[in-house]
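# Overview (structure and organization)
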Amino acid sequence: MRGKKTSAITAIALTVLLAGCGTSSTTTSAPSASPAATGATNASTATPAAKKVTITAQGFKPDQKEKNDQLDQRIARFKAKNPNVEFKKDDWQYNPLEIGIKMASNSAPTEYTTYATEGKVLVDKKWVADITDSMNAWEHSKDMNDLLSKPFVVNGKTYGVPIDGYVMTITLNKKLFKEKGVELPPMDWTWDDLLAAARKINDPVKGIAGFIPMGKGPEAGWNWTNFLYAAGGDVQKLDGGKVVGIFNSDAGLKALEFYKKLKDENLIPQNWALGYGDALSAFSQGRGAMVMCGSGNAADAAINEGGISKEDMVVYPMPALTKGGKHTGVLGGNYRVINPKSDKDQQTVAFKWITDEYFTDDFLNSTKKEIEDRKTKNRVYIPQPINYWKDSSDFGKKYTDLLAKYDNVFKYDPQLLSLWDGKPEAQYEAQKYYTEMANVIQKVFTTKDVDLKKALTDASNKVQTEVFDKVKVE
């Protein structure tokens with residue numbers, strides 16, 4: 001659901017407005033300096049030297065000076081290697097309510113950044129170009145992370161390049177556990193383990209919640225979907241070319257019952273109507289022992305904004321429903337895609353532009369610089385636990401070796417990566433589904449004797465008739 005975040009809480013709140021977008025981290029692979037690939041070109045994708053090609057690159061609003069400066073530097077590096085290419089910039093940022101208008105008016109950039117929920121929608125509406133040939137000709141195609149690539153691989157064809165990604169996690173404040181004399185739950189934990197820990201840490205008199213869920217906006221539905229997945233449920237399926245909602249299920253009911261327990265036992269903040277930035281801010285201020293978000297963003301906020309020691313932060317996978325079950329969490333991320341209305345030469349150049357600095361020493365050097373810059377400011381670097389590359393690739397090994405050289409790098413427990421299980425977000429109209437489920441969650445948190453089954457059934461019927469039934473699958 002989440003895109004790259006700046007380390008400031010205010011920036012998190014402003015830049016992360018929608019659920020279901022890309023992850024989650026503070027590395028230098030932000031879209032403005034996105035890890036883009038090699039610069040080496042295959043003969044089949046090379047642009048004729050004599051032909052001038054102009055593309056429109058997605059930029060940033062004028063007040064985002066640092067990001068625009070980084071983009072200008074990247075353009076200069078690219079043009080030094082490709083003098084036949086000219087650039088225009090467009091500060092439009094992807095919005096699912098605006099993309100149709102942009103395409104109809106042929107005003108979308110040549111390339112733009114979107115997120116995991118949009119894969120099938122964009123492909124079905126023919127709003128993204130097929131980049132399969134360019135991807136296959138690229139020397140690093142085999143080094144890409146298959147799990148992250150999945151949302152934009154449709155019917156065997158590739159339509160997007162992952163920038164970053166996340167699998168939903170829960171971050172724990174070890175300091176609060178220590179202060180209460182409570183042992184941390186096992187990393188291979190369950191829903192019952194989460195509840196038990198929340199009960200022991202919870203201290204409403206001091207304003208400390210056992211667990212902080214997001215309760216406002218689409219992110220509330222995004223959070224809840226992790227428990228739907230962990231209970232073995234799913235959001236939708238295709239049946240005879242139609243999108244059918246299937247979240248009104250035993251798994252969905254179990255997930256709602258879990259939320260009701262959290263509320264009935266007063267284990268969540270009294271002001272539970274928290275958006276993404278609100279929840280992370282509360283956690284960074286020590287007002288909750290556990291918070292759910294993508295990857296390392298909660299740790300980043302708590303350490304670099306809240307002043308909590310990195311040794312007091314630990315990131316857990318989503319709890320399994322029962323012992324030995326899967327620790328399934330929502331898989332999301334940010335993706336670079338190409339406008340299908342651009343001509344073939346523009347599409348070829350756009351792919352080169354998107355991937356130009358992936359797998360390069362430039363990216364490693366920029367990561368090194370950020371780590372060292374943070375060290376001079378007494379700040380901690382929070383890496384992504386999941387990246388666009390395979391950890392087993394040569395580049396992945398170089399990155400791991402780089403991080404190991406510094407003591408101001410946050411480290412994830414190896415068990416996290418061995419336990420978590422990522423399940424991609426719903427591919428059709430996930431944002432609208434999240435929004436409707438947020439309404440259900442708010443009923444659970446405000447209505448004492450809410451009929452959970454009826455609330456779930458009503459939401460399912462509404463989403464089906466008003467949203468899913470209108471999806472045309474081609």
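Here the structure is a predicted model, which is why all the values come from computation and not from measurement.

Looking only at helices and strands, the protein has 18 helices and twelve strands in total. Counting all 474 residues of the protein, 59% fall into the buried class. Contacts spanning at least 24 positions in sequence make up 79% of the contacts within the protein whose residues lie at least 6 apart. As displayed, the protein has an accessible area near 19300 Å², and 49% of this comes from carbon and sulfur atoms.

Glancing now at the environment of Lys326. Relative to the helices and strands, Lys326 is located in the loop between strand S10 (313–317) and strand S11 (327–338). Judged by relative accessible area, which is 59%, Lys326 ranks as exposed. Along the primary structure Lys326 and Asp421 are separated by 95 residues, whereas in three dimensions their C-alpha atoms are 6.7 Å apart. Ignoring any residue separated from it by four or fewer positions in sequence, one finds Lys326 in contact with Ala320 and Asp421.

Our focus in this paragraph is the pairing of strand S9 (residues 290–294). Across the five residues of S9, five count as buried, placing the element largely inside the fold. Summarising the sheet, strand S6 (residues 161–173) and S9 pair through five bridges and their orientation is antiparallel. Looking at the pairing, Thr169 lines up with Cys293 of S9.

For the pair helix H10 (residues 250–264) and helix H18 (residues 452–466), interaxial distance at closest approach is 10 Å and the crossing angle is 125°. If you check the angle between H10 and H18, you find them oblique. With respect to the hand of their crossing, H10 and H18 are arranged in right-handed fashion. Between H10 and H18, the contacting residues are Gly252, Leu253, Leu256, Glu257 and Lys260 on the first element and Leu452, Lys453 and Leu456 on the second. Its residues placed into classes, the contact of H10 with H18 shows four nonpolar, one polar and three charged.

To continue, consider the nonpolar core. Ranked by internal contacts, the top residues of the largest apolar core, which has 109 residues, are Tyr112, Trp224, Tyr259 and Met290. Take this core: its biggest share by element is nine residues, from helix H17 (residues 430–446). Ranked by size, the runner-up nonpolar core spans 36 residues in total, among them Val53, Leu71, Phe78 and Tyr388.

Our next topic: the packing of helix H9 (residues 218–230) against H17. For the pair H9 and H17, interaxial distance at closest approach is 7 Å and the crossing angle is 85°. In terms of their interaxial angle, H9 and H17 are classed as roughly perpendicular. Facing H9, whose interface residues are Pro218, Ala220, Gly221, Trp222, Trp224, Thr225 and Leu228, H17 presents Gln431, Tyr433, Tyr434, Thr435, Met437, Ala438 and Ile441. The residue makeup of the contact of H9 with H17, split by class, is ten nonpolar, four polar and no charged.

So, on to the packing of aromatic side chains. Enumeration according to the criterion identifies 34 aromatic pairs in this entry. Between Trp138 and Phe351 the ring centres are 5.9 Å apart and the planes differ by 90°, which places this aromatic pair in the edge-to-face class. Placement of the pair is Trp138 in the loop between helix H5 (132–137) and helix H6 (146–149) and Phe351 in helix H13 (residues 344–355), with a sequence separation of 213 residues. Here the two residues Trp138 and Phe351 agree in accessibility, since each one is buried. Pairing Phe363 with Phe395 gives two aromatic rings, centres 6.0 Å apart and planes at 35°, and the pair type is tilted. Note that Phe363 is positioned in helix H14 (residues 361–376) and Phe395 in helix H15 (residues 394–403), a separation of 32 residues in sequence. The exposure class assigned to Phe363 is buried, which follows from its relative accessible area of 4%. Judged by relative accessible area, Phe395 falls into the buried class, the value being 7%. An aromatic cluster is defined as three or more aromatic residues linked by ring pairs; in this entry it consists of Trp138, Phe351, Tyr358, Phe359, Phe363, Tyr388, Trp389, Phe395 and Tyr399. Across the ring face of Trp353, the terminal group of Arg74 is positioned such that the distance to the ring centre comes to 3.6 Å.

Turning next to helix H8 (residues 191–201). Within the sequence span of H8, burial applies to Trp191, Leu194, Leu195, Ala197, Ala198 and Ile201. Each buried residue of H8 sits inside an arc of 165° when the element is viewed along its axis, so together they form one side. Opposite the buried face of H8, by more than 90 degrees, sit the exposed residues Asp192 and Lys200. The inward-facing, buried residues of H8 contact S6, helix H7 (174–180), H9, H10 and S9.

Here the focus is unusual backbone geometry. With phi around 50°, Asn155 is a residue other than glycine that occupies positive phi space. With relative accessibility at 73%, the residue Asn155 sits in the exposed group. Unusually for a residue other than glycine, Asn266 sits at a positive phi of about 60°. Residue position: Asn266 is located in the loop between H10 and helix H11 (276–284). Overall, Asn266 belongs to the partly exposed group, its relative accessible area being 32%.

Judged by side-chain charge, Lys125, Lys432, Lys470 and Lys472 come together as a positively charged surface patch. Considering the arrangement of structural elements, one finds Lys125 in the loop between helix H4 (119–124) and H5. We classify Lys125 as partly exposed; its relative accessible area is 45%.

Now for the confidence of the model for the protein. Across the protein, the average pLDDT comes to 88, with 89% of residues at or above 70. In this model, residues 2–45 is a region of pLDDT below 50 whose contacts with residues beyond four sequence positions or in other chains number 188 contacts.

Each α-helix winds once per 3.6 residues, and so residues spaced three or four apart point in a common direction. Its 17 residues give helix H2 (residues 65–81) an end-to-end C-alpha distance of 25 Å, which sits within 8% of 24 Å, the value for a rise of 1.5 Å per residue. Buried residues along H2 sit against strand S1 (53–58), strand S2 (85–90), S11 and H13.

A few words now on the environment of Val167. Tracing the sequence through the fold places Val167 in strand S6. Linking Val167 and Pro317, residues 150 residues apart in sequence, is a C-alpha distance of 8.3 Å.

Another aspect to go through is the pairing of strand S8 (residues 242–245). Burial of S8 is one-sided: the residues Val243 and Gly245 facing one way are buried, the residues Lys242 and Val244 facing the other way are not. Here strand S7 (residues 236–239) pairs with S8 via four bridges, running antiparallel. When the sheet's bridge partners are listed, Lys237 is paired in S8 with Val244. Count of turn residues in the S7/S8 antiparallel hairpin: two residues, of which Gly240 carries a positive phi of about 60°.

Cut-offs and rules
- Residues numbered from 1 in each chain as written.
- Predicted model: local features only at pLDDT ≥ 70, side-chain atom pairs only at ≥ 80, totals over all residues.
- Heavy atoms only, no water.
- Helix = DSSP H or I, 4+ residues; strand = E, 2+ residues; numbered from the N terminus.
- Buried < 20%, exposed > 50% of the residue type's maximum accessible area, 1.4 Å probe, protein only.
- Contact = heavy atoms within 4.5 Å.
- Areas by Shrake-Rupley, 256 points an atom, 1.4 Å probe, with all protein chains shown as cover.
- Pairing = 2+ DSSP bridges.
- Axes fitted to C-alpha atoms, helices over the stretch in contact; angles between N-to-C directions.
- Parallel < 35°, antiparallel > 145°, perpendicular 65-115°, else oblique.
- Left-handed = near helix turned anticlockwise from the far one by under 90°.
- Nonpolar A, V, L, I, M, F, W, Y, C, P; charged D, E, K, R; others polar.
- Core = buried A, V, L, I, M, F, W, Y, C linked by side-chain atoms within 4.5 Å.
- Phe/Tyr/Trp six-rings, centres within 6.5 Å; stacked < 30°, edge-to-face > 60°.
- Lys NZ or Arg CZ within 6 Å of the ring centre and 35° of its normal.
- Arc of directions from axis to C-beta.
- Patch = residues over 30% accessible without salt bridge, like charges linked within 9 Å, V, L, I, M, F, W, Y side chains within 5 Å.
- Salt bridge = Lys/Arg side-chain N within 4 Å of Asp/Glu carboxyl O.
- Lys, Arg positive; Asp, Glu negative; His and termini not counted.
- Charge placed at Lys NZ, Arg CZ, Asp CG, Glu CD.
- pLDDT = per-residue confidence, 0-100.
- Expected span 1.5 Å × (residues − 1).

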